[in-house]
Amino acid sequence: MKKNNNLIILAGYKAVYGGNFIPSLINLENTLLEQDINTIYVFPPLAKEREWCKKMIEEGKTILFLDPNSGKLDQVFKLNKWLKFYKCGIIYTHFSQYDIISSICSYLKTNRRLFMHVHSDFTGVSDSSKQQIKIKSYIRNRILGRKATLIPVSDHLREYFIKLGVPDNRCIYLPNGLSTNRLVQEPINRDELRLRLSLTSEQKLILSFGWEPHIKGVDIAVESIRLARISNPNLCLGIVIGNNYSEKQKWIDYINKSTNCTGLEDWIIYLEQKEDVFSYHKAADIMLSSSRSEGFSYTILESLSIGNQVVSSNLRGTNWARKYVLTNVFTSENITDCAHAILDAIKQSEGKDFELKKSQTIKRISEEYSIENWSKKISEIFLETNK
């Protein structure tokens, strides 16, 4: 690869916390630096207010801001100017907001290569929304983005785009890597973390992530725990809700409308999002993924990486987790099956060989989902498509 053929990452990312995403990009930047490739970041303006962004700026990283809701011509002008100034020959997008302008800019100069990382699977949305997404996907990937190489995070997403007409060699499946070097990690043990949540030693915390209640299956989680509590009344459900904890009424209203519960039960705990998500995993006994659709679940990977059990919907996007003995699968949207899977997981944790299963899983995850290996594979994709 030519010297100064630098990388520009355009990510429509403005979440309050950096999570696994930002450390992954930083690790990729470090890998590319070994090949004399510099990395430029582009985020929406709201990212300026986030601590992870401020930290990146303090560390001397080159970060630009571009409003994805501004006029497309203005965006194209600014991006094309930055590409020339920073000598970027590789354009790498995340979360689709910048895909159209990146596609246009890739055509303005023939030796610019475009890569689109595909994170999300929206098969769990309504049929009308699904059709809109399919049309947008076709326009983005077969008309505007036909020069792009897609990097989907699951094999079924790869199949989906190939069916839309994306060439086989331009659609490369790559599962996410796990970054253990998060921006914030609290040195607090499990007992202290559970004490913060007012949990007794007898209670079993089932952790779920419900940033979007319907897609993430918050109703399925609540109904399953309600049913499982008939056999084990010590079960509690912890739901990590959206960015703004003050809006938790949205989740309460959803539960009240969509389940046989009010949302105010004492066994339902609402948890705010936080940078150190591992503190929730450490406090939990089981991680429940009751999603109606998934691309690739970071939360499942995080949970398995510390030896926690997982109960997951039987979805193609989570099939990768089935090979680990700590994963228990239930039929998607089947509340009774989910409740049984939760109770089976608790029994499994009481088995004499459980600690061995935990250590084996931790070792396998660290080897198979190393963020260093992920970064190397991404850089290889960049190099291969330059031949």
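Every residue gets a number counted from 1 within its own chain, in the order that chain's sequence is written. Whole-chain, interface and lining totals are the exception, using all residues; otherwise, since this is a predicted model, local features are given only for residues with pLDDT of at least 70 and side-chain atom pairs are given and counted only at 80 or more. Side-chain numbers here rest on the full set of heavy atoms in the structure, without hydrogens or water.

(A) Structural detail: the packing of aromatic side chains. Think of it this way: a Phe, Tyr or Trp ring, Trp meaning its six-membered ring, pairs with another when their centres are within 6.5 Å, and the plane angle makes it stacked under 30 degrees, edge-to-face over 60, tilted otherwise. Counting across every chain of the model gives 14 aromatic pairs. With a centroid separation of 5.1 Å and 75° between ring planes, the pair formed by Tyr160 and Phe161 is classed as edge-to-face. Exposure is judged per residue with a 1.4 Å probe applied to protein chains only, and the accessible area is read against the type maximum: over 50% gives exposed, under 20% gives buried, and values in between give partly exposed. Overall, the relative accessible area of 3% leaves Phe161 in the buried class. Three or more aromatic residues joined by ring pairs make a cluster, and in this case those are Tyr13, Phe21, Tyr41, Phe43, Trp52 and Phe95. The cationic tip of Lys147 hangs over the ring face of Tyr107; the distance from NZ or CZ to the ring centre is 5.9 Å. Two conditions define a charge sitting above a ring: the NZ of Lys or the CZ of Arg must be within 6 Å of the ring centre, and it must be within 35 degrees of the ring normal. Across from the ring centre of Trp251, 5.0 Å away, lies the NZ or CZ of Lys250, which sits over that ring.

(B) Layout of empty space enclosed by the protein. Only protein atoms enter the calculation, which uses a 1 Å grid: trapped sets of points that fit a 1.4 Å probe without letting it out are cavities, open sets showing protein on both sides within 12 Å along at least five of seven lines are pockets, and any residue with an atom within 4 Å of a point is a lining residue. Grid points are joined across faces, edges and corners, and a volume is the space filled by probe spheres set on the points. Enumeration according to the criterion identifies two cavities of 30 Å³ or more in this entry. Empty space within the largest cavity amounts to approximately 60 Å³. Along the walls of the largest cavity sit Leu174, Pro175, Asn176, Gly177, Glu368, Tyr369, Ser370, Asn373, Trp374 and Lys377, which together make up its complete lining. Residue classes in the lining of the largest cavity are distributed as four nonpolar, four polar and two charged. In terms of lining residues, the second largest cavity is bounded by Phe21, Ser24, His94, His117, His119, Asn176, Tyr298 and Trp374. Here the nonpolar group is Ala, Val, Leu, Ile, Met, Phe, Trp, Tyr, Cys and Pro; Asp, Glu, Lys and Arg are the charged ones; every other residue, Gly included, is treated as polar. For the lining of the second largest cavity, a count of residues per class yields three nonpolar, five polar and no charged.

(C) Inspection of helix H11 (residues 298-305) at higher detail. Helical segments are the DSSP runs of H or I of at least four residues, strand segments are the runs of E of at least two, and each set is numbered from the N terminus. Counting buried residues in H11 gives seven out of eight residues, a clear majority hidden from the surface. Turning to H11, its buried residues number three or more, namely Thr299, Ile300, Leu301, Glu302, Ser303, Leu304 and Ser305. The inward-facing, buried residues of H11 abut strand E7 (204-209), helix H10 (278-283), strand E10 (286-289), strand E11 (309-313), strand E12 (327-330) and helix H13 (354-368). Directly after H11, the chain includes Gly307, whose backbone phi takes a positive value near 85°. Any two residues whose heavy atoms approach within 4.5 Å at even a single point are treated as in contact.

(D) Structural detail: the sheet that holds E12. By this definition, two strands are paired if DSSP reports at least two bridges between them. Spatial ordering of the open sheet is given by E9-E8-E7-E10-E11-E12, a layout of six strands whose pairing is parallel. Two strands in the sheet have a free side with no partner beyond their single neighbour: strand E9 (268-271) and E12. Within this sheet the neighbouring strands show an average axis-to-axis angle of 25°, counted without direction. An axis is simply a line fitted to the C-alpha atoms; with a helix, the fit covers only the stretch in contact. Between two such axes, the angle follows the N-to-C directions and lies from 0 to 180 degrees. H11 contacts E7, E10, E11 and E12 of the sheet and is inclined by roughly 155° relative to E11.

(E) The arrangement of the environment of Val240 in detail. Its place among the elements puts Val240 in strand E8 (residues 235-240). Along the backbone, Val240 and Gly89 are 151 residues apart, and their C-alpha atoms lie at a distance of 39 Å. Excluding anything up to four places from it in sequence, Val240 contacts Leu207, Ser208, Phe209, Gly210, Trp211, Leu271, Glu272, Gln273 and Tyr280.

(F) Fine view of the side chain of Glu275. Following the sequence through the fold, Glu275 ends up in the loop between E9 and H10. Residue classification places Glu275 among the buried positions, given a relative accessible area of 11%. Polar contacts here mean pairs of N or O atoms no more than 3.5 Å apart (in protein, one a potential hydrogen donor and the other a potential acceptor; neighbouring residues in sequence count only if both atoms are side-chain atoms). At 3.0 Å, the side chain of Glu275 and the backbone nitrogen of Gly18 are in polar contact. There is a polar contact of 2.9 Å between the side chain of Glu275 and the backbone nitrogen of Gly19.

(G) Representation of the sheet that holds strand E5 (residues 113-118). As summarised here, the arrangement of the six strands in space is E3-E2-E1-E4-E5-E6, forming an open sheet in which the pairing is parallel. Edge positions in the open sheet fall to strand E3 (62-65) and strand E6 (149-152), since each of these has one partner strand only. Going across the sheet, the axis of each strand differs from the next one's by a mean of 20°, ignoring polarity. Here strand E2 (residues 39-43) pairs with E3 via four bridges, running parallel. By the bridge assignment for E3, Ile40 is matched with Thr62. This element, helix H2 (residues 51-58), spans E2 and E3 of the sheet and lies at about 135° to E3.

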